[in-house]
Amino acid sequence: MPGIRYIVEGGKQLSGEITPAGNKNAALPIIAATLLTDKPVRLDNVPRIRDVETLVNLVRSLGADAEWIGPQTLNIHAKEVRVVDLDADACARIRASILLAGPLLARCGGVTLPPPGGDVIGRRRVDTHLLALEQLGATIEENENYHFRASKLIGTDVFLDEPSVTGTENALMAAVAAEGTTVLRNAASEPHVQDLANFLVAIGARIEGIGTNTMTIQGTSSFGGASHKIGPDHIEVGSLIGLAAVTKSEIRVRDAGVAHLRAIRMNFERLGVVCQIDGDDLLIPSQQEMKIHADAGGHIPKIEDQPWPAFPADLMSIAVVTATQCDGVVLVFEKMFESRLFFVDKLISMGARIVLCDPHRVIVTGPSRLRRAKLTSPDIRAGMALLIAAMCAEGTSIIHNAHQIERGYERIDERLNALGASIRREED
């Protein structure tokens, strides 16, 4: 697969309307969950991005029929599922390959999975998955691969050792097919976890407590078909807020999923970026204060990620870039991944005033005049942050490894160019 680079002309003011793509982190577990049923499933608003295409191909290799019948509409019919050796290279490209464990334990009694891949942002534990599935009756052997086996899944009281999103999703997909009742405690409750749970209910699962940290699941052995629409990606909406702010642009985000934006809006307001709710839309005005609000007593404020419904970890890179264009000082505290903030060296090379205190904390002092640079995208979210930085910088920047951005943002160059950006996509 050829590499991609973006040639970005900075200093362009944007305007217009944009609709966020479907939530990638909902689409991936829902695609995996289609393996639970032998009936046809139709999924709408599925983002056509590299990670989704990779998982669709893995599902096909297991015997399911999967066909795109529209730009964002996917039909999957897992009438027959066979346990095969999965493509290790494909599994290494995405974190979501681990999400096949729960459905295949339920449907086939086992699966062997190569280690999952995904963004290199620090250690990403799979222990929560293993502990939860073991409590539900699976046996797991680990060597160069993970070997999951279960003659029968049995409902039980499961306490997750951390509110892992994918760990919750794997446990949920196994529990809906387990015999008896499962109580899933310390569960993640992000919008994409809720979306998966609502899809499972649509195919016949019985789940109480959706959107909370404790879910009660009554297992069933019979699943039907369904049509389901993936919800909007709140991480993309947050990225658009940061982009509009630093380019001094007015952007209307259509069907923004405003119910899930409270913590996101609150933290951008701390940076002096205020959005307006208009029905189902989010309006980001061009005239923003862009002044960091000090804490009581004049203390330096802090933006930090926490489990939902607090500020999401996937927006920390965007928050850092936004802060470089705001007047004042802010501490950004990334608690989850010890390598996510290392991308700030690229922002520093562009002229940003940032102190990397340790792997988890940076101090940002703004505003800074950013200048053009040759950059390399290290992961999806840092890549989008660098694209935003390049769009507000002086001159023309080059972003190599931009296929990382395209793993999470659907046709982002085309969609931003429609608002007035100047992004040229080329093969590296």
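Small disclaimer: the values here were computed from a predicted structure and weren't measured. (Residues numbered from 1 in each chain as written. Predicted model: local features only at pLDDT ≥ 70, side-chain atom pairs only at ≥ 80, totals over all residues. Heavy atoms only, no water.)

### A short note on the overall build of the protein
Line of reasoning, step 1. Scanning the protein from terminus to terminus reveals 14 helices and 23 strands.
Line of reasoning, step 2. In summary, the protein has a C-alpha radius of gyration of 22 Å against a globular reference of 22 Å for 428 residues, a match within 12%.
Line of reasoning, step 3. Structurally, the protein occupies a C-alpha span of about 60 × 50 × 45 Å along its principal axes.
Line of reasoning, step 4. Evaluated residue by residue, the protein yields a buried proportion of 57% over its 428 residues.
Line of reasoning, step 5. Considering only contacts in the protein between residues 6 or more positions apart, those separated by 24 or more positions represent 72%. (Helix = DSSP H or I, 4+ residues; strand = E, 2+ residues; numbered from the N terminus. Rg over C-alpha atoms; globule rule 2.2 N^0.38 Å. Buried < 20%, exposed > 50% of the residue type's maximum accessible area, 1.4 Å probe, protein only. Contact = heavy atoms within 4.5 Å.)

### Points about the sheet that holds strand β17 (residues 302-304)
Line of reasoning, step 1. Ordered by their spatial adjacency, four strands build an open sheet running β17-β18-β20-β19, and the pairing between neighbours is mixed. Whereas interior strands pair on both sides, the edge strands pair on one side only; in this sheet they are β17 and β19 (353-358). For this sheet, the mean inter-axis angle between neighbouring strands, taken without regard to orientation, is 20 degrees.
Line of reasoning, step 2. Direction of pairing for β17 relative to strand β18 (residues 328-333): parallel, over a ladder of three bridges. Across the sheet, Glu304 pairs through a bridge with Phe333, a residue of β18. (Pairing = 2+ DSSP bridges. Axes fitted to C-alpha atoms, helices over the stretch in contact; angles between N-to-C directions.)

### Considering helix α2 (residues 50-61)
Line of reasoning, step 1. The terminal C-alpha atoms of α2, which comprises twelve residues, lie 17 Å apart, in line with the 16 Å expected from a rise of 1.5 Å per residue.
Line of reasoning, step 2. The set of residues buried in α2 consists of Arg50, Asp51, Val52, Thr54, Leu55, Val56, Leu58 and Val59. (Expected span 1.5 Å × (residues − 1).)

### Remarks on the environment of Asn267
Line of reasoning, step 1. Along the chain, the position of Asn267 falls in helix α9 (residues 262-270).
Line of reasoning, step 2. Once residues within four sequence positions are removed from consideration, Asn267 is found in contact with Ile303 and Phe311.

### Section: the side chain of Lys24
Line of reasoning, step 1. On the secondary structure map, Lys24 appears in helix α1 (residues 24-33).
Line of reasoning, step 2. Judged by relative accessible area, which is 8%, Lys24 ranks as buried.
Line of reasoning, step 3. Looking at Lys24, its side chain comes within polar contact range of the side chain of Asp51, at 3.2 Å.
Line of reasoning, step 4. Setting aside residues up to four positions removed in sequence, Lys24 forms contacts with Pro47, Ile49, Asp51, Asp233, Ile380, Arg381, Arg407 and Gly408. (Polar contact = N/O pair within 3.5 Å; in protein donor to acceptor, adjacent residues only side chain to side chain.)

### A word on the sheet that holds strand β16 (residues 281-284)
Line of reasoning, step 1. Here we have four strands laid out as an open sheet, ordered β2-β14-β16-β15, and mixed in their pairing. At either end of the open sheet lies a strand with only one pairing partner, and these are β2 (15-18) and β15 (276-278). Along the sheet, successive strands turn relative to each other by an average axial angle of 20 degrees, direction set aside.
Line of reasoning, step 2. Inspection of the sheet shows strand β14 (residues 250-253) paired to β16 by three bridges, in the antiparallel sense. Within the sheet, the bridge partner assigned to Arg252 lies in β16 and is Leu283.

### Quick word on the environment of Asp295
Line of reasoning, step 1. Along the chain, Asp295 falls in the loop between β16 and β17.
Line of reasoning, step 2. What makes Asp295 partly exposed here is its relative accessible area of 35%.
Line of reasoning, step 3. Separated by 25 residues in sequence, Asp295 and Arg270 have C-alpha atoms that sit 9.2 Å apart.
Line of reasoning, step 4. When sequence neighbours within four positions are dropped, the list of residues in contact with Asp295 reads Ile300, Pro301 and Lys302.

### Focus: the nonpolar core
Generally speaking, a soluble globular protein has its nonpolar side chains buried in company with each other.
Line of reasoning, step 1. Counting 75 residues, the largest nonpolar core has Leu100, Phe148 and Leu200 as the members making the most contacts within it.
Line of reasoning, step 2. With seven residues, α1 is the largest single contributor of residues to this core.
Line of reasoning, step 3. Apart from the residues within four sequence positions on either side, Phe148 is in contact with Ile98, Ala101, Leu105, Gly109, Gly110, Val111, Leu113, Leu130, Leu133, Thr139 and Ile140.
Line of reasoning, step 4. Among the nonpolar cores identified, the runner-up in size contains 72 residues, and Val253, Ala319, Cys326 and Ala385 belong to it. (Core = buried A, V, L, I, M, F, W, Y, C linked by side-chain atoms within 4.5 Å.)

### Considerations on the confidence of the model for the protein
Line of reasoning, step 1. Model confidence for the protein is summarised by a mean pLDDT of 94, while 97% of its residues fall at 70 or above.
Line of reasoning, step 2. Counting contacts from residues 118-123, a segment whose pLDDT is below 50, to residues more than four positions away or on other chains yields 20 contacts. (pLDDT = per-residue confidence, 0-100.)

### Description of the packing of aromatic side chains
Line of reasoning, step 1. Evaluation of the coordinates by the stated rule reveals two aromatic pairs.
Line of reasoning, step 2. Between Phe268 and Phe311, the ring centres sit 6.4 Å apart and the planes meet at 70 degrees, which makes this aromatic pair edge-to-face. Here Phe268, found in helix α9, pairs with Phe311, found in the loop between β17 and α10 (316-323); they are 43 residues apart in sequence, far enough to count as distant.
Line of reasoning, step 3. Exposure remark for Phe268: the relative accessible area of 1% places this residue in the buried category.
Line of reasoning, step 4. The ring of Trp68 has Arg48 sitting right over it, with the charged end atom 3.8 Å from the ring centre.
Line of reasoning, step 5. Positioned above the aromatic ring of Phe333, the side-chain terminus of Lys335 is 5.6 Å from the ring centre. (Phe/Tyr/Trp six-rings, centres within 6.5 Å; stacked < 30°, edge-to-face > 60°. Lys NZ or Arg CZ within 6 Å of the ring centre and 35° of its normal.)

### Some details on α10
Line of reasoning, step 1. Taking burial as the measure, the eight residues of α10 include eight buried ones, the bulk of the element.
Line of reasoning, step 2. Every buried residue of α10 is listed here: Met316, Ser317, Ile318, Ala319, Val320, Val321, Thr322 and Ala323.

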